[in-house]
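Fold and contact review
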Amino acid sequence: MTSLNPRIQMSTMLSIENAQKRNWKQSAKEFAGQAIATLSPQRAEQLFEAPASQPSGLQDKLIMAYLKRRAMRKKQDDFFERLHIDFWQGDGGAVFSKNCDHRFEDLFLAKQKEDFDILRDTWNSHQPQHIVEFGCNSGILLQYMTTELHGCQTATGIEINAQQVRKNQESSAFDSRIKFLNADGGEWLLENGKANSLFVSNGGVLEYFRRERLDEMLTHISSNLGPAVFFAVEPVANDHDWSKTTDCIPFGEELSFSHNYTDLFESNGFQVIHQRPVEFESWKMMATIAVTR
Ligand SMILES: C[S@@+](CC[C@H](N)C(=O)[O-])C[C@H]1O[C@@H](n2cnc3c(N)ncnc32)[C@H](O)[C@@H]1O
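Since the structure is predicted, the reported quantities are computational estimates derived from the model, not experimental observations.

Thoughts on the overall build of the protein
- Helix and strand content of the protein: 13 helices and 9 strands.
- Taken over the C-alpha trace, the protein has a radius of gyration of 19 Å; the compact-globule value for 293 residues is 19 Å, and the two agree within 12%.
- Projected onto the principal axes, the alpha-carbon positions of the protein cover approximately 60 × 45 × 35 Å.
- Here the protein holds 293 residues, and 43% of them are scored as buried.
- Pairs at least 24 apart in sequence give 71% of the contacts found in the protein among residues at least 6 apart.

Shown next, in the form of structure tokens:
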């Protein structure tokens, strides 16, 4: 996530405005990138289809700067989604837990007890049997939920970073009901999702999916996998006014998507029963609990 980048001041709340702002240096890079893309259209096309989240070499860095700016202007959300997948499959996903696992204590346990208490009540009244966590990374939250929520029969952590999944699979620290799988969350859900599940995304996972894919995933759950509960804790842009737009908008330095989570769940067959923002470092984290209608 953006916090991995030391250039970001942790006190600045992530916004659409800072994603769109550009200084002369960035503008010069994008302009140079556009010129290079015109001279090397094949390379530009390759990088559009398979974006490099950590480009090496000046040429690729400049082309990527141009492609990102163009994608924002033209709303090429599929490009950003491929960019995020590239980041998380590589070092981004592999080093995340070392830098960010402290958030489990400092954010989830310290500031989100109210959300978890409501989730526990919802779990008790709906009695799901399975927990599925998308983007579980080191599995710390999945372990907590599996042992805290009574009567859970199976727990599955779906994670796109193969290295982190291998580590989790080799660890003996997890409850025996937990299984970790290396897969894309959306693809796994459409092929393997079951009814009576609690689906979880925590600390920013749905922010890497474009709206069209989330619509497909949530409609699949509400049409084919009900009853189900969804617990999402996702960062949103500080200046994203949900009363004015249901668009998803790239924000922050990594240009992940700020979604309108009320509209996302309600327009896809869920009822939102709890929603609460919490500020932590540079994030406005929105907790949502939604159940299938
Ligand atoms: C910001 S981290 C959050 C990790 C963890 N949930 C937490 O709160 O610490 C995002 C996680 O989602 C994973 N991820 C990103 N895109 C994914 C996808 N399409 N399918 C499955 N996992 C994904 C990343 O590899 C990473 O582990």
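So that's the structure; there's more coming.
Regarding the nonpolar core
- In this structure, I63, V200, F230 and F231 are the most contacted members of the largest nonpolar core, which totals 68 residues.
- In this structure, this core is formed jointly by two domains, domain 1 (2-94) and domain 2 (101-292), each of which donates at least three residues.
- When near neighbours in sequence (up to four residues on either side) are disregarded, F231 contacts L119, L198, V200 and I289.

Remarks on the site of the ligand
- Neighbouring the ligand are 22 residues, the closest being W88, G93, G135, N137 and G203.
- For the shell around the ligand, the secondary structure elements donating two or more residues are α5 (77-89), α6 (91-100) and β2 (154-159).
- It is α6 that provides the largest number of residues to the shell around the ligand, a total of 3 residues.
- Among the residues forming the shell around the ligand, the class breakdown is 11 nonpolar, 8 polar and 3 charged.
- Lining the shell around the ligand are residues from two domains, each supplying at least three of them: domain 1 (2-94) and domain 2 (101-292).

Some points on the domain arrangement of the protein
- Taken domain by domain, the protein holds domain 1 (2-94) and domain 2 (101-292).
- Across the contact, 24 residues belong to domain 1 and 26 residues belong to domain 2.
- Breaking the side of domain 1 that touches domain 2 down by element, the ones donating at least two residues are α1 (16-20), α4 (58-74), α5 and α6.
- Among the elements that make up the side of domain 1 that touches domain 2, the one with the highest residue count is α5 (8 residues).

A closer look at the environment of R120
- Of note, R120 is situated in helix α8 (residues 113-126).
- Taking the C-beta count within 10 Å as the criterion, R120 has 14 such neighbours and is therefore assigned partly exposed.
- Spatially, the C-alpha atom of R120 lies 13 Å from that of T288, the residues being 168 residues apart in sequence.

Topic: the pairing of strand β9 (residues 283-292)
- In terms of burial, β9 is largely enclosed, as 9 of its 10 residues are buried.
- Relative to β9, strand β5 (residues 228-236) is paired through 8 bridges, and the arrangement is antiparallel. Across the sheet, residue F231 finds its bridge partner in β9, namely I289.
- As paired strands, strand β8 (residues 270-280) and β9 are joined by 10 bridges and run antiparallel to one another. Each bridged residue has a counterpart across the sheet, and for E279 the counterpart in β9 is K284.
- Connecting β8 to the antiparallel partner β9 that follows it, the hairpin turn spans 2 residues, and E281 within it adopts a positive phi of roughly 45 degrees.

Quick word on the sheet that holds β9
- Within the open sheet, the 7 strands sit side by side as β3-β2-β1-β4-β5-β9-β8. Their pairing is mixed. The sheet terminates laterally at β3 (178-182) and β8, the two strands that pair on one side only. On average, each strand axis in the sheet is inclined to that of its neighbour by 15 degrees, with strand direction left out of account.
- With respect to the sheet, α8 is in contact with β4 (197-201), β5, β8 and β9, its orientation differing from that of β9 by roughly 10 degrees.

Overview of α4
- Here α4 spans 24 Å end to end across 17 residues, near enough to the 24 Å set by a 1.5 Å rise per residue.
- Listed in full, the buried residues belonging to α4 are D60, L62, I63, M64, A65, Y66, L67, K68 and R69.
- Buried positions along α4 lie against α2 (24-39), α3 (41-49) and α5.

Examining the pairing of β5
- Summarising burial for β5: 9 of the 9 residues are buried, a large majority.
- Here β5 shows no split at all, with A228, F230, A232, E234 and V236 on one side and V229, F231, V233 and P235 on the other all buried.
- Pairing analysis gives 5 bridges linking β4 to β5, with the strands arranged parallel. Residue pairing in the sheet places S197 in a bridge with A228 of β5.
- Handedness of the β4-helix α12 (residues 211-224)-β5 crossover: right-handed.

Focus: the packing of α3 against α4
- Running from N to C, α3 and α4 cross one another at 60 degrees; their axes reach a closest spacing of 10 Å. Viewed along their axes, α3 and α4 form a crossing whose handedness is right-handed. Residue-level contacts link R43, A44, L47 and F48 of α3 to D60, I63, M64 and L67 of α4.
- Split into classes, the residues belonging to the contact of α3 with α4 amount to 6 nonpolar, no polar and 2 charged.

Rules and cut-offs
- Within each chain, residues carry numbers counting from 1 in the order of the written sequence.
- Reporting in this predicted model follows two pLDDT cut-offs: at least 70 for local features of residues, and 80 or more for side-chain atom pairs to be given and counted; totals over whole chains, interfaces and linings ignore these cut-offs and use all residues.
- Every helix listed is a DSSP run of H or I at least four residues long, and every strand listed is a run of E at least two residues long, numbered separately from the N terminus.
- Radius of gyration here uses only the C-alpha atoms, and the compact-globule reference equals 2.2 Å multiplied by the residue count raised to the power 0.38.
- Burial in this document is a count-based property: other C-beta atoms within 10 Å of a residue's C-beta are tallied, and the residue is buried at 20 or more, exposed at 12 or fewer, or partly exposed in between, with C-beta positions derived from the backbone.
- Here, residue contact means that the backbone-derived C-beta atoms of the two residues sit within 7 Å.
- We define the nonpolar core as any set of buried residues of the types Ala, Val, Leu, Ile, Met, Phe, Trp, Tyr and Cys, connected via C-beta atoms lying within 7 Å of each other.
- What marks off one domain from the next here is an automatic or database domain assignment.
- Any residue whose C-beta atom, as placed from the backbone, lies within 6 Å of a molecule or strand is termed near it.
- Here the term charged refers only to Asp, Glu, Lys and Arg, the term nonpolar to Ala, Val, Leu, Ile, Met, Phe, Trp, Tyr, Cys and Pro, and the term polar to all other amino acids, Gly among them.
- Only when DSSP finds a minimum of two bridges between them are two strands counted as paired.
- Convention adopted: a line fitted to C-alpha atoms gives each axis, helices being fitted over their contacting stretch, and angles between N-to-C directions are expressed from 0 to 180 degrees.
- Helix span is expected to be 1.5 Å times the residue number reduced by one.
- The crossover handedness rule: strands pointing away from the viewer, path from first strand over the helix to second strand clockwise, crossover right-handed.
- Two helices that cross are described as forming a left-handed crossing if the nearer one is turned anticlockwise from the farther one by less than a right angle, and a right-handed crossing if clockwise.

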